[in-house]
Amino acid sequence: MFEKVLIANRGEIALRIHRACHEMGIATVAVHSTADRDAKHVLLADESVCIGPPAAAQSYLNVPSIMAAAEITGADAVHPGYGFLSENARFAEIVQSHGLSFIGPSPDHIRLMGDKITAKKAVKDAGIPVVPGSEGEINDPEDAMQIARDLGFPLLVKAASGGGGRGMKLARSEGDLVQAVQTARAEAAAAFGDGTVYLERYLEQPRHIEVQVIADSFGNVVHLGERDCSLQRRNQKILEEAPSPALSEDQREEIGTVVSTAISSIGYLGVGTIEFLYEGGEFFFIEMNTRLQVEHPVTEMITGVDLVREQIAIAAGEPLSFTQEDVRFRGCAIECRINAEHPRTFVPSPGKVREFHPPGGLGVRLDSAVYSGYSIPPYYDSLIGKLIVHGACREDVLRRLKRSLEELVVTGIETTSPLFLDLLNEPDFQRGDYHIHWLEHWLAQQDS
Ligand code: ADP
């Protein structure tokens, strides 16, 4: 097992990884920007190294600085968390070339799945159903028009290197297409340094359902069921739940088995998520995330599996501590992403947190790096905590969630917590009857 892990991240996920390491008897090294000197991940880690100024490009994305920190502290592995360098194949290679372990899949798998065009092809060949679309990249407007006529409208122009819900443009008809391709290409080139785009059928009212997998180096592949992440704003997840209110046990078993078989044939290692859109009883692959995800706790709550612990053990060459037959899904869990943002306008609200009182009690988990007196810096994403609630059934969870949100106190800044209290009053949400565009429609209604 590793003796010392460098955590190349910040915020709640750095803390989550630190906790797993300490429970495994592993020392931790925090890295931080000058804006994060007082951050909780720095205060709790065994050692910490300042890796640069506030801008992420000069700190949390600064590979030479991070590698120097690993070398100085004698870390033997690097955990990238999510975001930042977590899906950067070159970073994984550099870590390995320095003789350290990268806690994640192989650089080849990161690269394969990092390009959505190659990812779609790979999983399709492995037996996973994909969203109908262009076979590969779109080269010119005529090419796009021909493919679009074959596929039919509406279509989504998507960036091969896209992420974070960016780099997508909708074309409802032929008249929109050329403009959509041009805009998507320009945006993708600016945001991801790669203007490659492809076409996909636009699904009108799908759910976003993703399957968690975990694979070790002994050929064991296990799926841990699905998460329903259909509550989204601007293609970004706001709330996630497991199991999905839309799936039966048989459907869960079926898609889980398809995914496990595919992941096994690809030879994937570590934790990963296969994301689908689900509409009309059918699954359509959109992408694979080759890292731990923000919403991993809902899976942990219903399975009792510590995903980070297993992920670290797998990277250290150990086998999975359980088999598919051992996995039992117990009850239901919902996660709310608490952002430092206004609950209606979503305008970021960084600044000093005067009071912070987390809720507690049975089935309540709050993953957060905030404390009373902490100043949320304006340089990074606005996620300040995840409230995860577990219960025997969805009704229990909704009641517990309401009680927990009412207990949560964060003063000094705005948070999205009141949004969830409002959603809990909505019959559609109460019934679990919502799709990926539901929240945006609901928000528009509230404004009008
Ligand atoms: P990213 O990598 O930016 O997160 P994804 O491909 O995972 O991009 O898609 C993010 C979200 O965008 C999905 O959860 C869904 O809400 C929406 N989306 C993506 N592809 C489609 C599609 N073909 N039809 C309708 N919505 C889509």
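Residues numbered from 1 in each chain as written. Predicted model: local features only at pLDDT ≥ 70, side-chain atom pairs only at ≥ 80, totals over all residues. Heavy atoms only, no water.

(A) View of unusual backbone geometry. Cis rather than trans, the peptide bond between F153 and P154 has omega equal to -5°. Here P154 is to be found in the loop between α7 (141–151) and β6 (155–159). Backbone torsion omega between A242 and P243 reads -5°, so that peptide bond is classified as cis. Within the fold, P243 resides in the loop between β11 (236–242) and α9 (249–266). The phi dihedral of F84 falls on the positive side, at around 35°, and the residue is not glycine. We classify F84 as partly exposed; its relative accessible area is 28%. One non-glycine residue, R234, adopts positive backbone phi at about 50°. (Helix = DSSP H or I, 4+ residues; strand = E, 2+ residues; numbered from the N terminus. Buried < 20%, exposed > 50% of the residue type's maximum accessible area, 1.4 Å probe, protein only.)

(B) Highlighting the sheet that holds strand β13 (residues 282–289). Taking strand neighbours across the sheet as the criterion, the eight strands line up as β13-β12-β9-β10-β11-β14-β19-β17 in an open arrangement whose pairing is antiparallel. Both outer strands of the open sheet, β13 and β17 (364–368), are each paired with one neighbouring strand and no more. Each adjacent strand pair in this sheet contributes to an overall mean axis angle of 25°, direction not counted. Relative to strand β19 (residues 383–391), strand β14 (residues 332–339) runs antiparallel, the two sharing eight bridges. When the sheet's bridge partners are listed, C336 is paired in β19 with L387. Relative to the sheet, helix α1 (residues 11–23) contacts β17 and β19, its axis offset from that of β17 by approximately 115°. (Pairing = 2+ DSSP bridges. Axes fitted to C-alpha atoms, helices over the stretch in contact; angles between N-to-C directions. Contact = heavy atoms within 4.5 Å.)

(C) Examining the sheet that holds strand β5 (residues 101–102) more closely. Strands sit in the order β3-β2-β1-β4-β5 across an open sheet of five strands; the sheet is parallel. Only two strands of the sheet have a single partner each, and these edge strands are β3 (47–52) and β5. Bridge analysis of strand β2 (residues 27–33) against β3 gives five bridges, and the strand direction is parallel. Among the inter-strand pairings, A30 is bridged to a residue of β3, identified as S48. Sheet strands in contact with helix α3 (residues 63–73) are β1 (4–7), β2 and β3, and its direction is about 155° off that of β3.

(D) Spotlight on the site of the ligand. Close to the ligand lie 21 residues, the nearest being G165, R201, H208, Q232 and E287. Contacts to the ligand include E200, whose side-chain N or O atom sits 3.0 Å from a nitrogen atom. Here a nitrogen atom of the ligand sits 2.8 Å away from a polar atom, N or O, in the main chain of R201. About the coverage of the ligand: the protein hides 95% of its 560 Å² of free accessible area. Those elements that place two or more of their residues in the shell around the ligand are β6, β8 (197–201), β12 (270–279) and β13. If you count residues domain by domain, the shell around the ligand takes at least three from each of domain 2 (132–201) and domain 3 (207–447). (Near = heavy atom within 4 Å. Polar contact = N/O pair within 3.5 Å; in protein donor to acceptor, adjacent residues only side chain to side chain. Areas by Shrake-Rupley, 256 points an atom, 1.4 Å probe, with all protein chains shown as cover. Domains from an automatic or database assignment.)

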